[in-house]
Amino acid sequence: MSPIAPLPTQAFPADFIWGVATAAFQIEGAATADGKGPSVWDSFCRQPGAIADASNGDVACDHYHRLEADLDLIASLGVNSYRFSVSWPRVQPLGQGAWNPAGLDFYERLVDGLLARGLQAHLTLNHWDLPQALQQQGGWMHRDTVQHFVDYARGIQARLGDRLSTLATHNEPWVMATLGHETGIFAPGVKSRRSASAVAHHLLLSHGLSLQALRADGARARLGIVLNQSPVQPATPSAEDAAAARLEDGKLVRWYMDPLLKGAYPEDVLAWLGDDGPPVQAGDLAAIAQPLDWLGLNYYSRAVVSASGAWDARQGGLPLTEMGWEIYPQGLTELLLRLKRDYAVPPLVITENGGAFPDATWHDGELADDDRCAYLASHIGAVGDALAAGVPMAGYIVWSLMDNFEWASGYAKRFGIVHVDYQSLARTPKRSARWLSAFMARQRLLAARG
Ligand code: IFM
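Below or above, wherever it landed, is the structure these notes cover. Worth saying up front: this structure is predicted, and the values here are computed from it rather than measured.

### Focus: the environment of Pro 188
Topologically, Pro 188 is positioned in the loop between helix 8 (173-181) and helix 9 (193-216). Owing to a relative accessible area of 18%, Pro 188 belongs among the buried residues under this scheme. Distance from Pro 188 to Asp 129, taken between C-alpha atoms, is 9.7 Å for residues 59 residues apart in sequence. For Pro 188, the residues in contact, after removing those within four places along its chain, are Phe 44, Gln 47, Gln 135, Gly 180 and His 181.

Structure, rendered in structure tokens:
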């Protein structure tokens, strides 16, 4: 076997969450099996030109039919945790009313299978696959969806909550609002700034009202939400670029952090939105700002902004992943230090971090994804630096367990530490999986030594 990238050397707490992540629509397949209803992504994939390779989630990684083997695979990595999402239309096909017993059974087997293997279960309720039936009534643009989501959250907690380590309401509300409803490059493909601001508000409100309801019902899992964030930097020192970067920081970071942790939307973004501002009703902001047991952050790169909008990642001179995203691990430390400085943050978990790489080189019978090993090593190191500087870090979770459906990019972009052959659906651990196992083994040794 070939040597692998050096392991980060910082000390992490013995109870640190170390895991791998997936999301339902990206891996499960079985799009119409056992009573599952369609989601907005099932519909969006059918729109001509929506997905780069004209693919869909009908089969994906067929995880729904390969659950036990996939759970064994996760356990073989030596991590202590698995982050997954529930497909709302699999368990409640219309998004309200009747539940689907077969769908609930699937997640029951998933959670029990994790616990039987000594793994913690970290569940996300909404990783973008809203039931299409709710979309037909306006989806997240419509305030009624808030109460439907609260009911869904309560139903899932009633069924699984006693065995979950954490429960997150939403994954990356910025993506659902901005990419789904402003630029329209993601489902449901709406292009309206006013709709996007309503969606962001309804997602945040449904988060807050769910936390209230779940706690009233006796929540045992730690409750939180997952945000995608980046440090935002101006492309040049000009005043125009600095102003553009400040506004972008408002839209990406403060638009979510401020209401969640300070109970108010940022004034500069409200001014920028003008008449397109969110439909806030009395009591909404107090409802959103519920105490968080933890906060999840998905980090992939920095954001560089120019007033002209002409900045191209290739200008930065940094290596890029296959998504065209700059590899900038120090940005993760910068982001974490900034959040600790500006907010009373709860324990923070990096709920996603990883890279898409071409994965073309096989060595000694192993897919030699050394670029991914180096990416993971440098970013775990960045988390260690933040921890050493006093940021309350509680975990780090790799995106992703296996190659999967990368949304509008289809199957061409591979993020997995396990390779998936989309013809045979065979899973083959890459070198990065071996790297992670080695890192986990060393962490266990350090923890045992105290
Ligand atoms: O694949 C996605 C995931 O679903 C959400 N966060 C970013 C990942 C990579 O684009």
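### Looking at the pairing of strand 4 (residues 166-171)
A large share of strand 4 lies buried, amounting to 6 of its 6 residues. Relative to strand 4, strand 3 (residues 120-126) runs parallel, the two being bridged by 4 bridges. Within strand 4, the residue paired with Thr 124 across the bridge is Ala 168. Of the pairings in the sheet, the one linking strand 4 to strand 5 (residues 222-228) comprises 4 bridges and is parallel in character. In the sheet register, Leu 167 faces strand 5, and the bridge partner there is Leu 223.

### Observations regarding the site of the ligand
Neighbouring residues of the ligand: Gln 26, His 127, Trp 128, Asn 171, Glu 172, Tyr 300, Trp 325, Glu 352, Trp 399, Glu 406, Trp 407 and Phe 415. Glu 406 is positioned with one of its side-chain polar atoms (N or O) 2.5 Å from an oxygen atom of the ligand. Between the ligand and Trp 407 there is a distance of 2.8 Å, counted from an oxygen atom to a side-chain nitrogen or oxygen. Taken by itself the ligand offers 280 Å² of open surface, and the protein chains cover 94% of this. Of the residues contributing to the shell around the ligand, the split by class is 6 nonpolar, 3 polar and 3 charged.

### Considering the sheet that holds strand 9 (residues 348-352)
In space, the 8 strands of this closed barrel follow the order 1-2-3-4-5-7-9-12, with parallel pairing throughout. Neighbour to neighbour, the strand axes of the sheet diverge by 25° on average, direction disregarded. Pairing of strand 1 (residues 17-21) with strand 12 (residues 393-399), which is carried by 5 bridges, proceeds in the parallel orientation. Residue pairing in the sheet places Ile 17 in a bridge with Gly 395 of strand 12. Set on the sheet, helix 5 (residues 101-116) makes contact with strand 2 (81-85) and strand 3; between it and strand 2 the angle comes to about 170°.

### Re the state of the cysteines
Under the counting rule described, the total for this entry stands at 0 disulfides. Distance from the sulfur of Cys 45, which forms no disulfide, to the nearest cysteine sulfur (Cys 61) is 14 Å. With relative accessibility at 0%, the residue Cys 61 sits in the buried group.

### Notes on helix 13 (residues 330-342)
Between its first and last C-alpha, helix 13 extends 18 Å over 13 residues, near the 18 Å set by a 1.5 Å rise per residue. For helix 13, every residue scored as buried is listed here: Gly 331, Leu 332, Thr 333, Leu 335, Leu 336, Arg 338 and Leu 339. In this structure, the buried residues of helix 13 make contact with helix 10 (239-262), strand 7 (294-298), strand 9, helix 14 (370-388) and strand 12.

### Describing the packing of helix 5 against helix 7 (residues 144-160)
Packed helices, taken two at a time, are described by the angle their axes make and the gap between the axes. Where helix 5 meets helix 7, the closest approach of the two axes is 10 Å, and the angle between their N-to-C directions is 50°. Considered as vectors, helix 5 and helix 7 are oriented oblique to each other. The handedness of the crossing between helix 5 and helix 7 comes out as right-handed. For the pair formed by helix 5 and helix 7, the contact residues are Leu 104, Asp 105, Tyr 107, Glu 108 and Val 111 on the first element and Ile 156, Arg 159 and Leu 160 on the second. Considered class by class, the residues forming the contact of helix 5 with helix 7 number 5 nonpolar, no polar and 3 charged.

### Observations concerning the packing of aromatic side chains
A full pass over the atoms with the stated rule returns 30 aromatic pairs. Between Tyr 82 and Phe 84 the ring centres are 5.8 Å apart and the planes differ by 15°, which places this aromatic pair in the stacked class. Judged by relative accessible area, which is 0%, Tyr 82 ranks as buried. With centroids separated by 4.2 Å and ring planes inclined at 20°, the aromatic side chains of Trp 255 and Tyr 265 adopt a geometry described as stacked. With Trp 255 in helix 10 and Tyr 265 in the loop between helix 10 and helix 11 (267-273), the pair connects residues that are 10 residues apart, well separated along the chain. For Lys 251, the ring lying beneath its charged end belongs to Trp 272, and the centroid distance is 4.0 Å.

### Description of the nonpolar core
One finds Trp 41, Phe 84 and Met 393 to be the most contacted residues of the largest nonpolar core, which totals 142 residues. The dominant element in this core, judged by the number of residues it contributes, is helix 14, at 9 residues. In contact with Met 393, other than residues within four places in its own chain, are Phe 16, Leu 336, Leu 348, Ile 350, Val 383, Ala 386 and Leu 387.

### Some details on helix 9
Taking 1.5 Å as the rise per residue, helix 9 with 24 residues should run 34 Å; its terminal C-alpha atoms sit 35 Å apart, in good agreement. Of all the 24 residues making up helix 9, 18 are buried; the element is thus mostly covered by neighbouring parts of the structure. Gly 218, located one to two residues past helix 9, shows a positive phi value of around 90°.

### Observations concerning the pattern of salt bridges
Scanning the entire structure with this criterion turns up 35 salt bridges. Linking Asp 42 and Lys 36 is a salt bridge whose minimum nitrogen-to-oxygen distance equals 3.0 Å. Note on accessibility: Asp 42 and Lys 36 belong to one class, buried. Look at the salt bridges and you will find they share partners, linking Arg 246, Asp 249, Arg 254, Asp 268, Arg 338, Arg 341 and Asp 342 into a network.

Reading the values: the criteria
- Here the residue index of a chain counts from 1 through its sequence in written order.
- Local features are withheld for residues below a pLDDT of 70 in this predicted model, meaning they are given only at 70 or higher, and side-chain atom pairs are given and counted only at 80 or more; totals for whole chains, interfaces and linings count all residues.
- Excluding hydrogens and water, the side-chain values take into account all heavy atoms of the structure.
- Only DSSP runs of H or I covering at least 4 residues are called helices, and only runs of E covering at least 2 are called strands; the numbering of each starts at the N terminus.
- Under the scheme applied here, a residue whose accessible area is under 20% of the maximum for its type counts as buried, over 50% as exposed, and between as partly exposed, the area being computed with a 1.4 Å probe on protein chains only.
- Two residues qualify as a contact provided that any one of their heavy atoms is within 4.5 Å of a heavy atom in the partner residue.
- Two strands qualify as a pair provided DSSP detects at least 2 bridges between them.
- When at least one non-hydrogen atom of a residue lies within 4 Å of a molecule or strand, that residue is treated as near it.
- Polar contact is the term for a pair of N or O atoms within 3.5 Å; when the atoms are in protein, one must be able to donate a hydrogen and the other to accept it, and sequence-neighboring residues count only if both atoms are side-chain atoms.
- Only the protein chains shown count as cover for residues, and all accessible areas are computed by the Shrake-Rupley method using a 1.4 Å probe.
- Throughout, the ten residues Ala, Val, Leu, Ile, Met, Phe, Trp, Tyr, Cys and Pro are labelled nonpolar, Asp, Glu, Lys and Arg are labelled charged, and all others, Gly among them, are labelled polar.
- Every angle, taken between N-to-C directions, lies between 0 and 180 degrees, and every axis is a line fitted to C-alpha atoms, over only the stretch in contact when it is a helix.
- In what follows, a disulfide is any cysteine sulfur pair within 2.5 Å.
- Helix span, expected: 1.5 Å multiplied by one less than the number of residues in the helix.
- The scheme is simple: roughly parallel for angles under 35 degrees, roughly antiparallel for over 145, roughly perpendicular for 65 to 115, oblique for anything else.
- It is the rotation of the near helix from the far one that decides the hand of a crossing: anticlockwise by less than a right angle makes it left-handed, clockwise makes it right-handed.
- Here the aromatic set is Phe, Tyr and Trp, taking the six-membered ring for Trp, and pairing holds for ring centres within 6.5 Å; pairs whose planes are under 30 degrees apart are stacked, those over 60 apart are edge-to-face, and all others are tilted.
- Think of it as a cone above the ring: NZ of Lys or CZ of Arg counts as a charge over the ring if it is within 6 Å of the ring centre and within 35 degrees of the ring normal.
- Each nonpolar core is a collection of buried residues, namely Ala, Val, Leu, Ile, Met, Phe, Trp, Tyr and Cys, held together in the definition by side-chain atoms within 4.5 Å.
- By convention in these notes, a salt bridge is any Lys or Arg side-chain nitrogen within 4 Å of a carboxyl oxygen on Asp or Glu.

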